[in-house]
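# Observations on chain architecture
The residues making up each chain are set out below.
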There are 2 protein chains.
Amino acid sequence: MRARGFAGGISGEIPWLGQLILMLINGHESEQIPVSDRGFQYGDGLFETLAVEHGEPVFLIRHLDRLRHGCKRLAIEFPGHDVLSSEASRICKGAGRAVLKIIVTRGPGGRGFQIPEKARSTRVLSIHPRPDFPVDFQSAGIRAILCRNRLGINSSLAGLKHMNRLEQILARSEWDSPRIQEGLMQDSDGNVIEGTMSNLFLVRNGSLQTPDLSRSGVAGIIRSLVLEIAASIGIAVEIGRIGLDDFEAADEVFVTNSLIGVWPVVEFERFTYAVGPLTR
Amino acid sequence: MRARGFAGGISGEIPWLGQLILMLINGHESEQIPVSDRGFQYGDGLFETLAVEHGEPVFLIRHLDRLRHGCKRLAIEFPGHDVLSSEASRICKGAGRAVLKIIVTRGPGGRGFQIPEKARSTRVLSIHPRPDFPVDFQSAGIRAILCRNRLGINSSLAGLKHMNRLEQILARSEWDSPRIQEGLMQDSDGNVIEGTMSNLFLVRNGSLQTPDLSRSGVAGIIRSLVLEIAASIGIAVEIGRIGLDDFEAADEVFVTNSLIGVWPVVEFERFTYAVGPLTR
């Protein structure tokens, strides 16, 4: 598939359109998937979203490790680091600054929830324009709201970046204002878990707090990096339940994901925060 | 698309294969969907599964009404009763006894959870072989287990037959024995909600009990029919929370869906039941 992927207004802004492969399905250039694929029928699959810089996917090994782990938990055949790395290099080549999405589904299968014997997974790699967030968001911070839509609790799915994303879609539809950059979500018990597209950190007295993701939420790559860096420089981290009360006591708040890196939150509902030293 | 839809062993058993349309995507014969469709990306859509008898979809109007209601709740463009009825007739013609699946997704859209402006929904109608359940199951009943996998609680999605079905897939993977026909699922609070593919009824002292589906579960078409029939013949129905204790006190238990109709449950974990008069 060449160029056809981005119709309309965007194409004029993307210098590399028309020169690159934009999508690979099981290693072949294509933009169509069989309807019988269980990814379409049931959201029976996983995905990764990677930043691409200078034509190279960022933190590729970490993303592939998470994908392998997710495939293992859902008993989906993992395509292998080698094939995914090689296809990622192929599709990112010449893309400069972009987004790489990697999807792995359980593959084609019959009607019905039962997993077919000998299911062969489907892999889809696609290149997308990088959203152009203002540089401000990293330096001056963003505004976030509390979403009314909540996250269901399911320890079998918690932590995974799976393809069942209606909860995030409903939450993201709660605001339209460009003044708001993220919505924070609670689980059905009222614990604050994450943003619609990001993980959440609170800073209090020089320590980090981040929600426990063993019952819902997505365990992000940048979140795990922040945890590793904190450990390596001796910053205490508490992974546990976070309620709305904890925002009262917090000195700084920030959110993370693979495309934005770290965004300080300067306003969340009735709370305001400075961009603090730890977030920086 | 003709015949290619069912590869392998099944084709020999389906007399109408090779003569029929098996799939319509937005009215065109096709079996491929764009990867960019939000149904594939996020499970952002709804579906209906209908029995087809003598080439006619059963309870079509009820299924389309539920689909319209679901589209409204998720703010997905409903394709309309007329176009869906007409395509259902077209695809069911000559299919005899079969299964019709109708999928409506939010349609193609960009990367990211935000709903694109002017999203145009995608509709997929497909014909499948009817699973051949033994006639016994209706007369002599089935065995069910309690699944370890639970249903998340989300009132925005409760009742809808949406395309986020990983919870059911994980639950259905808990048993492999042909002696077991269904698994009952609890929500994350421990309330028993439904089977992996069916709704649940308990009979006690001549009254019906069925779980409240305002926090999780799928509000099935046969369930709503049972409720209407019960009301019309003066059988009391209690829609509420059902715990495992209620199975101790129950006289009869049955499950319902559009393909099976009503299956009495004669064994569920440590409980056994007769096929009672009300179930019959």
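## A word on the overall build of chain A
- For chain A, the count of helices and strands is seven helices and 16 strands.
- Computed over the C-alpha atoms, the radius of gyration of chain A is 19 Å, within 12% of the 19 Å expected from 2.2 N^0.38 for a compact globule of 280 residues.
- Once the C-alpha set of chain A is aligned to its principal axes, its extents read approximately 50 × 45 × 40 Å.
- Within chain A, residue pairs in contact and separated by at least 24 positions form 71% of the contacts whose partners lie at least 6 positions apart.
- Of the roughly 11,700 Å² of accessible surface on chain A, a fraction of 50% belongs to carbon and sulfur atoms.
- Counting 31 positive and 32 negative side-chain charges, chain A places the centres of these two groups 5 Å from one another.

## So, the pairing of strand β8 (residues 142–146) of chain A
Residue and element names in this part refer to chain A.
- Of the pairings in the sheet, the one linking β8 to strand β15 (residues 261–268) comprises three bridges and is parallel in character. By the bridge assignment, alanine 144 is partnered in β15 with phenylalanine 268.
- Looking at chain direction, β8 and strand β9 (residues 182–186) are connected through three bridges and run parallel. Note on β9: the bridge partner recorded for isoleucine 145 is glycine 183.

## Topic: the side chain of A:Gln209
Residue and element names in this part refer to chain A.
- Among the secondary structure elements, glutamine 209 is positioned in strand β12 (residues 207–211).
- Judged by its relative accessible area of 10%, glutamine 209 falls in the buried class.
- Among the polar contacts made by the side chain of glutamine 209, one reaches the side chain of glutamate 238 at a distance of 3.5 Å.
- In this structure, glutamine 209 is in contact with Leu200, Phe201, Leu202, Glu238, Ile242 and Asp246, ignoring residues within four places of it in sequence.

## Let's talk about the pattern of salt bridges
Residues and elements named next belong to chain A.
- Within this structure, the stated rule accounts for 28 salt bridges over all chains.
- Residue arginine 68 pairs with aspartate 65 through a salt bridge whose shortest N-O separation is 3.4 Å. With a gap of three residues between them, arginine 68 and aspartate 65 both fall in helix α2 (residues 60–74), about one helical turn apart.
- Exposure remark for aspartate 65: the relative accessible area of 30% places this residue in the partly exposed category.
- Because the salt bridges share partners, they merge into one network encompassing Arg38, Asp44 and Arg106.

## Quick look at the sheet that holds strand β2 (residues 28–29) of chain A
Residues and elements named next belong to chain A.
- Strand order across the open sheet formed by six strands is β2-β1-β7-β6-β4-β5, with antiparallel pairing between neighbours. Two strands lie at the open edges of the sheet, namely β2 and β5 (56–57), each paired on one side alone.
- Where strand β4 (residues 45–53) meets strand β6 (residues 98–105), eight bridges bridge the pair, whose relative direction is antiparallel. Looking across to β6, one finds that phenylalanine 47 is bridged to isoleucine 103.
- Where α2 meets the sheet, its contacts fall on β4, β5 and β6, and the angle it forms with β4 comes to roughly 180°.

## Side note on the relation of the copies chain B and chain A
- You can overlay chain B on chain A at an RMSD of 0.0 Å; the transform is a turn of 180° with a shift of 0.0 Å along its axis. On the angle and the small slide along the axis, the relation comes out as a two-fold axis.
- With an isologous cut-off of 70% or more, the 100% of interface residues of chain B that recur at the interface of chain A puts this contact in the isologous class.

## Quick notes on the sheet that holds strand β1 (residues 23–25) of chain B
Residues and elements named next belong to chain B.
- The strand order across the open sheet built from six strands is β2-β1-β7-β6-β4-β5, with neighbouring strands paired in antiparallel fashion. Pairing within the sheet leaves two strands with one partner each, and these edge strands are β2 (28–29) and β5 (56–57).
- Judged from the three bridges that link them, β1 and strand β7 (residues 122–128) form a sheet pairing that is antiparallel. Directly across from isoleucine 25, in β7, lies its bridge partner valine 124.

## Re the side chain of A:Asp37
- Relative to the elements of secondary structure, A:Asp37 occurs in the loop between β3 (32–34) and α1 (38–42).
- Not counting residues within four places of it along the chain, the set of residues in contact with A:Asp37 comprises A:Thr105, A:Gly107, A:Pro108, A:Thr122 and B:Phe40.

## Points about the environment of A:Gly109
- Structurally, the position occupied by A:Gly109 is in the loop between β6 and β7 (122–128).
- The residues contacting A:Gly109, other than those within four sequence positions of it, are A:Ser36, A:Arg38 and A:Pro116.

## Some thoughts on the interface of chain B and chain A
- Contacts between the two partners involve 56 residues from chain B, matched on the other side by 56 residues from chain A.
- At the boundary of chain B and chain A, one finds zero salt bridges.
- Among the elements of the structure, β1, β3 (32–34), α1 (38–42), β4 (45–53), β6 (98–105), β7 and α5 (166–172) of chain B are those that each provide at least two residues to the side of chain B that touches chain A.
- No other element matches the six residues that α5(B) contributes to the side of chain B that touches chain A.
- The pairing of β3(A) with β3(B) spans three bridges and is classified as antiparallel. Among the inter-strand pairings, A:Gln32 is bridged to a residue of β3(B), identified as B:Pro34.

Calculation notes
- Residues numbered from 1 in each chain as written.
- Chains lettered and ligands numbered in written order.
- Predicted model: local features only at pLDDT ≥ 70, side-chain atom pairs only at ≥ 80, totals over all residues.
- Heavy atoms only, no water.
- Helix = DSSP H or I, 4+ residues; strand = E, 2+ residues; numbered from the N terminus.
- Rg over C-alpha atoms; globule rule 2.2 N^0.38 Å.
- Contact = heavy atoms within 4.5 Å.
- Areas by Shrake-Rupley, 256 points an atom, 1.4 Å probe, with all protein chains shown as cover.
- Lys, Arg positive; Asp, Glu negative; His and termini not counted.
- Charge placed at Lys NZ, Arg CZ, Asp CG, Glu CD.
- Pairing = 2+ DSSP bridges.
- Buried < 20%, exposed > 50% of the residue type's maximum accessible area, 1.4 Å probe, protein only.
- Polar contact = N/O pair within 3.5 Å; in protein donor to acceptor, adjacent residues only side chain to side chain.
- Salt bridge = Lys/Arg side-chain N within 4 Å of Asp/Glu carboxyl O.
- Axes fitted to C-alpha atoms, helices over the stretch in contact; angles between N-to-C directions.
- Least-squares fit on C-alpha atoms with pLDDT ≥ 70 in both.

Remember that the coordinates give geometry; whether it matters functionally is a separate question.
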